[in-house]
Amino acid sequence: MEEYAREPCPWRIVGDCGGAFTMGIIGGGVFQAVKGFRNAPSGYRRRFAGSFLSVRQRAPIIGGQFAVWGGLFSTIDCSLVYMRQKEDPWNSIMSGAATGGILSARAGLGAMAGSALLGGVLLAMIEGMGIMITRFTSEQFKPVGPGEMNDPGVLGPPPALGGISSEHNSYQ
């Protein structure tokens, strides 16, 4: 089964950055809508106004933060593809670790190491699940050999029931 064909690297960075921004806007909008609704004064009119205000103020910020993460991740991933001359799950794992470390560099060396470890572990889990799903779903596309095609138990009619001969079998 052929892997998903990705765009070439300069355009991949832009696409991933935009996709991450969109995910951040949508997810952040939903989260901020609920948060604004819950934290507003009582009364449905005030709660909906609080919800709308919270979404308007915070969702673009969350979208921007997601875009920074997605852009940095894709930039590092493309750099690794160029340096290693191959595209495999290790690039994504190393990109996740490097992105986590770089984004938390201002918090100090300990936070940087912890975020790098967390980013690497998360991307390893995501890549591992992707590989596992691909292996399980590829079983249905496994080619059938010529010996298996002639096996009557695999593709033939069910065996005759009771003492009924195959001449009177309604399956044939």
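It should be noted that the structure appears before, not after, this text.
One structure accompanies this document, and this report is about it. (Residues numbered from 1 in each chain as written. Predicted model: local features only at pLDDT ≥ 70, side-chain atom pairs only at ≥ 80, totals over all residues. Heavy atoms only, no water.)

End to end, helix 2 (residues 44-84) covers 57 Å across 41 residues, agreeing with the expected 60 Å (1.5 Å per residue, within 8%). The largest bend in helix 2 is about 35°, located at Arg58, with the proline Pro60 one to four residues further on. Among the residues trailing helix 2, Gln85 stands out with phi positive, at a value near 60°. (Helix = DSSP H or I, 4+ residues; strand = E, 2+ residues; numbered from the N terminus. Expected span 1.5 Å × (residues − 1). Bend = angle between axes of the 7 residues up to and from the residue.)

To continue, consider the packing of helix 3 (residues 89-103) against helix 4 (residues 109-138). Closest axis-to-axis distance for the helix 3/helix 4 pair is 6 Å, and the angle between their directions is 155°. By the angle class used here, helix 3 and helix 4 are roughly antiparallel. In this structure, helix 3 meets helix 4 at a crossing whose hand is right-handed. Note on element contacts: helix 4 touches helix 3 through Met112, Ser115, Ala116, Gly119, Gly120, Leu123, Ala124, Glu127 and Ile131, opposite Pro89, Ser92, Ile93, Gly96, Ala97, Gly100 and Gly101. Along the lines of polarity and charge, the residues of the contact of helix 3 with helix 4 split into 8 nonpolar, 7 polar and 1 charged. (Axes fitted to C-alpha atoms, helices over the stretch in contact; angles between N-to-C directions. Parallel < 35°, antiparallel > 145°, perpendicular 65-115°, else oblique. Left-handed = near helix turned anticlockwise from the far one by under 90°. Contact = heavy atoms within 4.5 Å. Nonpolar A, V, L, I, M, F, W, Y, C, P; charged D, E, K, R; others polar.)

Scanning the entire structure with this criterion turns up 3 salt bridges. A salt bridge links Asp77 to Arg12; the nearest nitrogen and oxygen atoms lie 3.8 Å apart. Highlighted residues: Asp77 in helix 2 and Arg12 in helix 1 (residues 9-39), separated in sequence by 65 residues. For Asp77, a relative accessible area of 4% puts it in the buried group. Close ionic contact of Arg12 with Glu87 constitutes a salt bridge, the shortest N to O distance being 3.3 Å. One end of the pair, Arg12, is in helix 1; the other, Glu87, is in the loop between helix 2 and helix 3, with 75 residues separating them in the sequence. Taking the relative accessible area as the measure of exposure, Arg12 reaches 7% and is therefore buried. Salt bridges sharing common partners tie together Arg12, Asp77 and Glu87. (Salt bridge = Lys/Arg side-chain N within 4 Å of Asp/Glu carboxyl O. Buried < 20%, exposed > 50% of the residue type's maximum accessible area, 1.4 Å probe, protein only.)

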